[in-house]
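Listed here are the chains, written in short residue letters.
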Amino acid sequence: CGWARKQDDTSAACASRSLQDDCQVTCNNCPSTTPAPVASTPAPVASTSAPIGGPTSNCACSVEMNDMRGEMDDMKSEMEMLRKGLEDVINSLQTLAPVASAPAPVAATPAPIVCADRTGQWEIKGRTKNWCGWARKQNDTSAACAGRSLNTDCPVTCGVCTP
């Protein structure tokens, strides 16, 4: 019966091997379950078959049905093994080639100091003058720059960058 089910033309397979009686479900050869019309019935009732494997089927093919259920259980087991195998393959691939993650954050770099002294005059502690020129005239330029916080305004004079 299993062989016949696997053929493209099940009816032809059943006929070629004379399987109609032995494989009634596969060969669609279950007998009718509705009784013939009764003489007192005014109109004849057409004979119908119960659904295959239905509770009212009188088809003597329970062995074949059990065989088919066994095949289905085997298929379910094979599908589960395939699913687990596929999961293993996916896990292995993820281990070998991890999913690209976001790039590592780049540390912020301080703004470059423009290597040019500020020009003109500006006020520091209530005194207005050209502070870069003033720092250049001091005996200790580094101390003058540090004392008045001039490194940003006078980077060339204070020696914090190369022009």
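Keep in mind it's a predicted model, so treat the numbers as computed, not measured. (Residues numbered from 1 in each chain as written. Predicted model: local features only at pLDDT ≥ 70, side-chain atom pairs only at ≥ 80, totals over all residues. Heavy atoms only, no water.)

Enquirer: Just to check I follow, could you spell out the overall build of the protein for this structure?
Expert: A tally of helices and strands in the protein yields six helices and two strands. In sequence order, the secondary structure elements of the protein are arranged as α-α-α-β-β-α-α-α. Burial analysis of the protein (163 residues in total) assigns 20% to the buried set. In the protein, 39% of the contacts between residues at least 6 apart in sequence involve partners at least 24 apart. Put simply, the protein shows about 12,200 Å² of open surface, and 56% of that area lies on carbon and sulfur atoms. (Helix = DSSP H or I, 4+ residues; strand = E, 2+ residues; numbered from the N terminus. Buried < 20%, exposed > 50% of the residue type's maximum accessible area, 1.4 Å probe, protein only. Contact = heavy atoms within 4.5 Å. Areas by Shrake-Rupley, 256 points an atom, 1.4 Å probe, with all protein chains shown as cover.)

Enquirer: Got a minute to help me understand the packing of aromatic side chains in this structure?
Expert: The geometry of an aromatic ring pair comes down to the distance between the two centres and the angle between the two planes. The tally for this structure, following the rule as stated, stands at one aromatic pair. Seen from their ring centres, W131 and W134 are 5.3 Å apart, and the 75° between their planes marks the pair as edge-to-face. Residue W131 and its partner W134 are both found in helix α4 (residues 131-137); the two are separated by three residues, about one turn of the helix. A cation sits over an aromatic face here: R17 above W3, 4.0 Å from the ring centre. In this structure, K129 packs its charged tip against the face of W131, placed 5.1 Å from the ring centre. (Phe/Tyr/Trp six-rings, centres within 6.5 Å; stacked < 30°, edge-to-face > 60°. Lys NZ or Arg CZ within 6 Å of the ring centre and 35° of its normal.)

Enquirer: What's the story with the nonpolar core in this structure? I'm lost.
Expert: As a rule of thumb, soluble globular proteins bury nonpolar side chains together. Formed by W122, I124, W131, C132, A135, A144, C145, L150, C154 and C158, the largest nonpolar core amounts to ten residues. Those elements that place two or more of their residues in this core are β1 (122-124), α4 and α5 (141-148). Per-element accounting of this core gives the leading share, three residues, to α4. With residues up to four places along the chain from it excluded, the contact list for C154 reads D117, W122, W131 and C132. By size, the runner-up hydrophobic cluster in this structure holds six residues, among which are A4, A13, C23 and C27. (Core = buried A, V, L, I, M, F, W, Y, C linked by side-chain atoms within 4.5 Å.)

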